[in-house]
Amino acid sequence: MPLVTIPKRYLVSEDEDSITLDLPESVLVSLQRDYGKVAQAKGILQHQKEKMLAHLNAVRGEWE
């Protein structure tokens, strides 16, 4: 579940169980994400993991 930060100026009320926000349409549109694409891209570099680790080790070796 993604975390969202919303300015306090939109807070209308708050109690133990819930908060009520008055959000403009522009904020709601900006919060819409295509999580299907995010899930597809999640492992996009997985097959290059060994190459990246070898490169990091080479760079670390140069600093020693």
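Relevant structure appears above.
Residues numbered from 1 in each chain as written. Predicted model: local features only at pLDDT ≥ 70, side-chain atom pairs only at ≥ 80, totals over all residues. Heavy atoms only, no water.

**Structural notes on the overall build of the chain**
Note the threshold: The helix and strand labels rest on DSSP assignments: H or I over at least four residues marks a helix, E over at least two residues marks a strand, and numbering proceeds from the N terminus. Every radius of gyration here is taken over C-alpha atoms, with the globule rule written as 2.2 Å times N^0.38, N being the number of residues. The cut-offs for exposure are 20% and 50% of the maximum accessible area for each residue type, with area from a 1.4 Å probe on protein chains only; residues under the lower value are buried, those over the upper are exposed, and the others partly exposed. To measure how exposed things are, a 1.4 Å probe is used in the Shrake-Rupley method; for residues, cover is taken only from the protein chains shown. When charges are counted, Lys and Arg contribute as positive and Asp and Glu as negative, whereas His and the chain ends are disregarded. In plain terms, the charge of a residue is placed at NZ if it is Lys, CZ if Arg, CG if Asp and CD if Glu.
When helices and strands are counted, the chain shows 3 helices and 2 strands. At 21 Å, the chain has a C-alpha radius of gyration far larger than the 11 Å of a compact globule built from 64 residues. Reported as C-alpha extents along the three principal axes, the dimensions of the chain are approximately 55 × 30 × 25 Å. Residues counted as buried form 3% of the 64 residues belonging to the chain. Working note: accessible area of the chain is about 6500 Å², and carbon and sulfur atoms make up 56% of it. For the chain, the distance from the average site of its 8 positive side-chain charges to the average site of its 10 negative ones is 11 Å.

**Observations regarding a nonpolar patch on the surface**
We count it as follows: Candidates for patches are residues over 30% relative accessible area with no salt bridge; among them, like charges are joined within 9 Å and nonpolar side chains (Val, Leu, Ile, Met, Phe, Trp, Tyr) within 5 Å. Just to be clear on terms, a salt bridge is a Lys or Arg side-chain nitrogen sitting within 4 Å of an Asp or Glu carboxyl oxygen.
A cluster of nonpolar side chains, Val4, Leu28 and Leu31, forms an exposed patch at the surface whose accessible area comes to about 210 Å². Among the secondary structure elements, Leu28 is positioned in helix α1 (residues 25-31).

**Some details on the environment of Leu11**
We count it as follows: Contact definition: two residues touch when any of their heavy atoms are within 4.5 Å.
Along the chain, the position of Leu11 falls in strand β1 (residues 11-14). Between the alpha carbons of Leu11 and Leu23 there is a distance of 8.6 Å; along the sequence they are 12 residues apart. Leu11 has contacts with Ile19, Thr20 and Leu21, leaving out every residue within four places of it along the chain.

**Some words on a negative patch on the surface**
On the surface, Glu14, Asp15, Glu16 and Asp17 cluster together into a patch of negative charge. Examined against the element boundaries, Glu16 turns out to sit in the loop between β1 and β2 (19-21). Assessed through its relative accessible area of 82%, Glu16 is described here as exposed.

By themselves, these observations are geometric and do not establish any function.
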